[in-house]
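One-letter residues, chain by chain:
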Amino acid sequence: SFVREYELSEEYRKLILNAACVAVKCTRTEPVIWKKSISIDSKWNVDIEILRGQEPATVIYTALRPHGVAYTERRKIFQQAIEDGVPYSID
């Protein structure tokens, strides 16, 4: 992202976001830090988006549990997110 590329502080990120939201309608204030599309049994496609500040395990569980995805498969997706550098505090 622009903020990471130029190593801007959180304060600058908020200033840029506020200025941009004056010009266009903003639908969220936190950036997507990880995104993955999962195909389940060739029946469903589930898009998982983790926003900054969200716990990856919770987001992944919430997105995949209604589709009956087994713990081991949810765990693999969680590991992919962690390997991609998504911060987490619960395993």
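As a reminder, the structure under discussion sits directly above these lines.
Parameters at a glance
Residues numbered from 1 in each chain as written. Predicted model: local features only at pLDDT ≥ 70, side-chain atom pairs only at ≥ 80, totals over all residues. Heavy atoms only, no water. Helix = DSSP H or I, 4+ residues; strand = E, 2+ residues; numbered from the N terminus. Buried < 20%, exposed > 50% of the residue type's maximum accessible area, 1.4 Å probe, protein only. Lys, Arg positive; Asp, Glu negative; His and termini not counted. Salt bridge = Lys/Arg side-chain N within 4 Å of Asp/Glu carboxyl O. Polar contact = N/O pair within 3.5 Å; in protein donor to acceptor, adjacent residues only side chain to side chain. Contact = heavy atoms within 4.5 Å.

Draft legend 1. Quick peek at the side chain of Glu-55. With respect to the element layout, Glu-55 can be found in the loop between strand S2 (44–51) and helix H3 (56–64). Arg-75 is the oppositely charged side chain nearest to the buried, salt-bridge-free Glu-55, at an N-O distance of 9.4 Å. Polar side-chain contacts of Glu-55 include one of 2.7 Å to the side chain of Ser-89. A distance of 3.1 Å separates a polar side-chain atom of Glu-55 from the backbone nitrogen of Ile-90. If near-sequence neighbours (up to four positions away) are discounted, Glu-55 is found in contact with Tyr-88, Ser-89 and Ile-90.

Draft legend 2. Structural view of unusual backbone geometry. At Glu-7, a residue that is not glycine, the phi angle is positive and equals roughly 50°. Checked against the element boundaries, Glu-7 lands in the loop between helix H1 (2–5) and helix H2 (10–23). You can call Glu-7 exposed: its relative accessible area is 70%.

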